[in-house]
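Below, each chain spelled out in residue letters.
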Amino acid sequence: MRTRLLGFTAAVILAVFGAMSPAAHASLPAPDVPTCTQGGGTAEYNAATGQWTCIGGSHNGEPID
């Protein structure tokens, strides 16, 4: 009985964290190209993801809107 309760509790906690992660990421604005270059980075197209990404600088690795 304790094992089931522990497993259920762990599943609920992981589900809550999983639901919070995209919401927290969406609340941060993605940089645009001028913001990327002003931060010392360059905008590069990633063909694998189909997105523009800021490489280097203060916004390194962030997707560009």
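Just so we're clear, the structure is a prediction, and the values are computed from it rather than from any experiment. (Residues numbered from 1 in each chain as written. Predicted model: local features only at pLDDT ≥ 70, side-chain atom pairs only at ≥ 80, totals over all residues. Heavy atoms only, no water.)

## Comments concerning the overall build of the protein
Phase 1 of the analysis: Broken down by element type, the protein carries two helices and two strands.
Phase 2 of the analysis: Pairs at least 24 residues apart make up 22% of the contacts formed inside the protein by residues separated by at least 6 positions.
Phase 3 of the analysis: With the model as given, the accessible surface of the protein reaches about 5,100 Å², and the carbon-plus-sulfur share is 65%. (Helix = DSSP H or I, 4+ residues; strand = E, 2+ residues; numbered from the N terminus. Contact = heavy atoms within 4.5 Å. Areas by Shrake-Rupley, 256 points an atom, 1.4 Å probe, with all protein chains shown as cover.)

## Quick notes on the pairing of strand E2 (residues 51-55)
Within a regular beta strand, the side chains point alternately toward one face of the sheet and then the other, so they alternate between its two faces.
Phase 1 of the analysis: Bridge count for strand E1 (residues 42-46) against E2 is five bridges, and the pairing is antiparallel. The residue of E2 that forms the bridge with Thr42 is Ile55.
Phase 2 of the analysis: Adjacent in sequence and paired antiparallel, E1 and E2 are bridged by four residues, among which Gly50 carries a positive phi angle near 75°. (Pairing = 2+ DSSP bridges.)

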